[in-house]
Amino acid sequence: MKITLENWEIARVLQETADLLEIKGENTFKIRAIRMAADVVESYTESLSDIVYRGSKDLRDVPGIGEGLAKKIHEIATTGDTAERRALFEELPRSLLEILKLPGVGPKKVKAFYDQLKIATVDGLEAAARAQRLRHLPGFGEKTETKILAGIESYRRDQGRYPLWEIEPVAEALLAHLRALPQVQRMEIAGSYRRRRETVADLDILVSCAEAPTVMKHFVAYRQVKSVLLEGPTKTTVVFNSGLQVDLRVVEPESFAAALVYFTGSKNHNIAMRDMAKRQDLKVNEYGVFRLAGANEERLPTPSEKEVYSLLGLAYVPPEMRENTGELERAAQRQLPHLITIKDILGDLHMHTVASDGKNSIMEMAEAAQQRGLRYIAITDHSKSTYVANGLDEKRLLDHIKAIDQVNDTLEGIRVLKGLECDIRPDGQLDIDNEVLAQLDVVLISIHSHMGMPREEMTDRILRAFANPYAHIFAHPTGRLVKQRDAYPIEMERVMEAALHYKVALELDAFPTRLDLNDVYCRMAKERGVKLTIDTDSHMREHLVNVTYGINVARRAWLEKSDVLNTQPVGAFLKSLRHW
DNA sequence: GCCGTTTTCGGCCCGACTGTTTTCAGTCG
């Protein structure tokens, strides 16, 4: 039977294999190779399942994948698992993987607990620690026992990764606290926060200051700090009352740029960059760039991040691109894309009013958009199938069209387009008559019901909707909600092919809980020549600011102005619908 | 297990901090 796995599902099997091999004590470089391959798979913009079934490409052409991993991936794509992983699970209980997730517990400790005390679960470990049985193991002591109990507590309370939009105000407040110190020269939030990932696991704060101890003291005294995990002369780690972990690193001013590159990461970007440095007899670390000459090393000046990259023969790489997904090769060839910015967005094509489930009138939304500098918007209330949102039927929609015309008659400087967010019924038909759709400027189509359909049926349903000549833009294409709801299963390769065929644009819905399409799929669309739109899906005028979260995703997907339809003036934009 | 202007074997990024150690292994990022 043919099974279809998304790339992230294949990546997870590989990561688990790596975890198990690590507990077994296998060669660390082999493990690293598997983890690297898993990361490559997860961000790969072609379906590996598809490649395997079609035989359309040699997996060994993918960077980081050679003979062995190509075989493993083939096996996973066709059977869902590997014989190797099954054998490992015969030997080591699955629950060990959970122990491995505990902070401060790595593969060596997991192995020691299991081999010497037969501990296989987090509960078992907790009981052993409470009974003071861990301290007798060689290399362990009383403090380790205490730390493990604390680690278990934080793991149980841990909410994992936090959405970026939730963390931003927390981060800003902390920066304000630190900025109050006159000794602080430069300060930046680095890590995945700066790379603008949709969620972050912790905050990495970088400060340049000649008096590190003063900054550390001030940091630890912050009112949100609940406990201190590590405290050294240059690095301190604390946990906030909310459970968020925050790292502070203090460096000398001359090292700030190199440290910023290092702490922004990602890890794989750093590894690849340092590897490139080594080939040029250079060394890169968080203190600077050094030229190696025999036993001596000469420190090269790095006043800015741009200099750090430049010394390695690279163009400056924007933080959002630093994921080791090909950006370094492009930087070496001076062929980095010119990433889209918020200023490029001239229109917003997805918003609701009091006519369906919005909080403001057409006029209020238009005025708010105009204040933000937009040149056009589309009012796209729900259609009748979304009855929980008071969706419009044909008659109410026709009245709404008239109301939009009236706003256009009275408002200068912004154009309000007549639109609809039209439901795709389970059979793939749109739920509003074509003769009414024909009177609209912009028709979004989207799925709000029957999300549990099997992958193939769901894909067929979407493709039938694309065939409707009045469908312009497929809104929030996967239906996922960040950390709340997985995407409904679809065959993304087929959806993209059809989008290109019918010239239906795909939406990047910037609403912070959606961010749909995500970064990997947006990049996939760009590579296939499928156009996107970036819209806020606003339900009140205050939501219009959320476009910035869409820009975050777009930049991570390497999108340029030309990839996004609503960067065009309104006339060109309207002509481009179904004709890009 | 991957990879190649040191190539098909022998390398594989680099450093901070902790706890248990008398010089370092484990963990983390």
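1. Observations concerning the packing of helix 2 (residues 28–42) against helix 4 (residues 67–79)
Angle between the axes and distance between the axes: these two values describe a pair of packed helices. Between helix 2 and helix 4, the least distance of the axes is 11 Å, while the angle of their chain directions is 55°. With respect to helix 4, the element helix 2 is oriented oblique. Judged by the twist between their axes, the crossing of helix 2 over helix 4 is right-handed. Residues Ala33, Ile34, Ala37 and Val41 of helix 2 form the contact with helix 4, whose participating residues are Leu69, Lys72 and Ile73.

2. Quick notes on the packing of aromatic side chains
Scanning all chains against the criterion turns up six aromatic pairs. Between Tyr262 and Phe263, the ring centres sit 4.6 Å apart and the planes meet at 65°, which makes this aromatic pair edge-to-face. The exposure class assigned to Tyr262 is partly exposed, which follows from its relative accessible area of 28%. Ring geometry for Phe466 and Phe474: centres 5.4 Å apart, planes at 75°, overall edge-to-face. Of the two residues, Phe466 and Phe474, both sit in the buried class. Just above the ring of Tyr114 sits the side chain of Lys118; from NZ or CZ to the centre is 5.9 Å. The ring of Phe290 is capped by Lys283, whose NZ or CZ atom sits 5.6 Å from the centre of that ring.

3. Structural notes on the protein's contact with DNA strand B
As a structural note, the neighbourhood of DNA strand B is formed by 45 residues, with Arg32, Gly66, Gly141, Tyr262 and Tyr287 the closest of them. Of all atoms in DNA strand B that approach within 4 Å of the protein, 76% are sugar or phosphate atoms. At 2.6 Å from a phosphate oxygen of DNA strand B is found a main-chain nitrogen or oxygen belonging to Gly66. Between DNA strand B and Lys108 there is a distance of 3.2 Å, counted from a phosphate oxygen to a backbone nitrogen or oxygen. For the surface near DNA strand B, the secondary structure elements donating two or more residues are helix 2, helix 4, helix 7 (107–117), helix 9 (142–157), strand 5 (225–231), strand 7 (245–251), helix 14 (267–279) and strand 8 (282–285). The residue inventory of the surface near DNA strand B, partitioned by class, reads 16 nonpolar, 13 polar and 16 charged.

Cut-offs used in this document
- Residues numbered from 1 in each chain as written.
- Chains lettered and ligands numbered in written order.
- Predicted model: local features only at pLDDT ≥ 70, side-chain atom pairs only at ≥ 80, totals over all residues.
- Heavy atoms only, no water.
- Axes fitted to C-alpha atoms, helices over the stretch in contact; angles between N-to-C directions.
- Helix = DSSP H or I, 4+ residues; strand = E, 2+ residues; numbered from the N terminus.
- Parallel < 35°, antiparallel > 145°, perpendicular 65-115°, else oblique.
- Left-handed = near helix turned anticlockwise from the far one by under 90°.
- Contact = heavy atoms within 4.5 Å.
- Phe/Tyr/Trp six-rings, centres within 6.5 Å; stacked < 30°, edge-to-face > 60°.
- Buried < 20%, exposed > 50% of the residue type's maximum accessible area, 1.4 Å probe, protein only.
- Lys NZ or Arg CZ within 6 Å of the ring centre and 35° of its normal.
- Near = heavy atom within 4 Å.
- Polar contact = N/O pair within 3.5 Å; in protein donor to acceptor, adjacent residues only side chain to side chain.
- Nonpolar A, V, L, I, M, F, W, Y, C, P; charged D, E, K, R; others polar.

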